[in-house]
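Overview (structure and organization)
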Amino acid sequence: MAGVPRALEVVRPGALTTVQDLGRPGYAHLGVPRSGALDPAAHRLANLLAGNTADAATLETTLDGTAVRVRTDVTAAVTGAPCPVRIDGRPTAWGAPVRVPAGAVLDVGGAVEGLRSYVAFGGGVAVPPVLGSRATDLLSGLGPAPLAAGQLLPLGAPAGPPGPVDAIPLPAPPAELVLPLILGPRADRFTDAALRALPEACYRVSAASNRIGLRTEGPPLERSDGAELPSEGMVLGAVQVPPDGLPVLFLADHPVTGGYPVLGVVPEDRLGAAAQAVPGIPVVFVPVHRHPAPAPGTRGPRTR
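In this text, all values refer to a predicted model and were calculated from it rather than measured experimentally. For every chain, the first residue of the written sequence is number 1, and numbering continues from 1 along that sequence. Predicted model: local features are reported for residues with pLDDT of at least 70 only, side-chain atom pairs are reported and counted for 80 or more only, and whole-chain, interface and lining totals are derived from all residues. As a rule here, side-chain values come from all non-hydrogen atoms in the structure, and water together with hydrogens is ignored.

**Some words on the nonpolar core**
- Membership of the largest hydrophobic core comes to 35 residues, with the highest contact counts inside it found for Leu177, Tyr203, Leu214, Leu221, Leu249, Leu263 and Phe285.
- Looking at this core, the elements that each hand over two or more residues are helix H1 (40-50), strand S10 (117-121), strand S12 (177-183), strand S13 (203-205), helix H3 (272-275) and strand S20 (282-288).
- Every residue pair with non-hydrogen atoms within 4.5 Å of one another is taken to be in contact. Dropping the residues within four chain positions of it, leucine 249 is found in contact with Leu179, Ile212, Gly213, Leu214, Gly237, Ala238, Val239, Val266, Leu271 and Ala274.
- Core analysis: the next-biggest nonpolar cluster, separate from the first, contains 26 residues, Val19, Val78, Ile87 and Leu106 among them. What is meant by a nonpolar core is a set of buried Ala, Val, Leu, Ile, Met, Phe, Trp, Tyr and Cys residues, joined one to another through side-chain atoms within 4.5 Å. Exposure classes here rest on a 1.4 Å probe applied to the protein chains alone. A residue is buried below 20% of its type maximum, exposed above 50%, and partly exposed in between. Runs of E in the DSSP output that reach at least two residues are strands. Runs of H or I that reach at least four are helices, and both are numbered from the N terminus.

Written out as C-alpha cells, the structure reads:
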C-alpha cells in the first residue's frame with residue numbers, strides 16, 4: 001500500500017504497555033536511570049524473529065497484553081510470557097514471526113505464565129528517541145507515555161527478513177525465584193543473625209512491584225545500625241532495605257541515588273526472571289561474595 005504511513009493504532013492498551021528498547025545507559029550522573037526492557041533476552045528474541053536489530057523498540061506488555069491495528073503489512077513476533085496471540089480473532093503463533101496484513105488487529109492476550117510479553121514489529125516502533133533511547137521510563141517520565149487507546153505509533157523501515165531460530169524455549173518463571181546476592185556495600189548495617197538467616201528466609205513477590213523495583217513480603221531484616229545514611233549511588237540489581245526491613249530489588253526504572261542501606265547486588269544477568277515473577281511467587285536471596293558463573297545454557301534461575 002504505497003503512500004500509507006507505516007504505523008500502529010492502539011485498540012486495547014492493556015494494564016500497562018510501554019515502548020522499550022535496550023535503554024539509555026550512561027546518564028546516571030544526570031539522574032536518569034537506564035530503563036529499557038525488563039526482560040532483555042525476550043526483547044532481543046522478539047526483534048530477531050521480526051528481522052530487527054537488538055536495539056529496535058518493542059512493546060512490553062504487563063499481565064493482560066495489548067491489541068493494535070496495523071496500517072500496512074508487517075511482520076510481528078511475540079515472546080516473553082507465553083500468551084494467546086490472534087490476528088483478527090484467528091489464533092496464530094506465539095514465539096514465531098507472523099505476517100499481519102494491513103488493517104488487521106494483532107491481539108496479544110493475557111500472560112498464561114509469567115508477567116510481561118514483548119511484541120516486535122518489522123522496522124521497530126519508531127517513536128522519537130530521548131537521550132538516544134525510545135524507552136518509556138516510568139520514574140523520570142522520559143520517553144513516550146504508556147499506550148492509550150487510539151494512539152498512533154510509527155514504525156520504522158524493515159531492516160531485514162526474520163532471523164533463523166530453531167527453537168523457542170518457554171520462559172516460564174520457576175516455582176521460586178532464587179537470586180544470588182553479592183553482599184555489600186552496606187551489609188554491615190544488618191545483624192549477623194539476619195545475614196545468617198537470609199538464605200532460609202522465605203519472601204514473596206509483592207503486588208506492589210513494578211518496573212522500578214521488585215518489592216517483597218516476608219520477615220523484616222534486623223538492622224544493627226539505625227543511623228541515617230547520606231544518599232549514594234544506586235545500581236541496577238541493588239537490593240535496598242527501607243525502614244520496614246523488607247528487601248526491594250531495583251529494576252530498570254530504579255532511582256539512581258538513595259539513602260536506605262543496600263544489602264547487596266543481584267547480578268544483571270540474573271534479573272530477567274524477576275521481570276516475569278508474578279505476585280506471590282517465593283523469593284530466596286542466596287548471599288555470595290563474588291559474581292556467580294552462569295550455568296551453561298541458563299540465565300539465572302530459569303532456562304532460556
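**Observations concerning the sheet that holds strand S5 (residues 74-80)**
- Pairing within the open sheet is antiparallel, and its 5 strands lie in the order S2-S3-S10-S5-S8. Where the open sheet ends on each side, the last strands, each with one partner, are strand S2 (18-20) and strand S8 (98-100). Neighbour-to-neighbour, the strand axes of the sheet open up by a mean angle of 35°, direction not taken into account.
- For helices, the fitted line uses only the C-alpha atoms of the stretch in contact; every axis is such a line through C-alpha atoms, and the angle between N-to-C directions lies from 0 to 180 degrees. Most of the contacts of H1 go to S5, to which it runs at about 155°, and overall it touches S2, strand S3 (58-60), S5 and S10. Strand pairing is defined by DSSP finding a minimum of two bridges between the two strands.

**Considerations on the sheet that holds strand S14 (residues 213-217)**
- Pairing in this closed barrel of 7 strands is mixed, and the strands run S12-S19-S16-S17-S14-S13-S20 around the ring. Each neighbouring strand pair of the sheet contributes to a mean axis angle of 40°, computed without reference to strand direction.
- Looking at chain direction, S13 and S20 are connected through 2 bridges and run antiparallel. Opposite tyrosine 203, over in S20, you have valine 283 as the bridge partner.

**Concerning the pairing of strand S19 (residues 262-265)**
- Across 2 bridges, S12 lies against S19 in antiparallel orientation. Counterpart to isoleucine 182 in the pairing with S19 is valine 265.
- In this structure, strand S16 (residues 238-240) lies alongside S19, joined through 3 bridges in antiparallel fashion. Residue alanine 238 lies in a different strand from S19, and its bridge partner there is valine 265.

**Here's the deal with the environment of leucine 179**
- Note on placement: leucine 179 falls in strand S12.
- With a relative accessible area of 0%, leucine 179 lands in the buried category.
- Through-space distance from the C-alpha of leucine 179 to that of aspartate 244 is 21 Å; in sequence the pair is 65 residues apart.
- Apart from the residues within four sequence positions on either side, leucine 179 is in contact with Leu249, Val266, Arg270, Val283, Val284, Phe285 and Val286.

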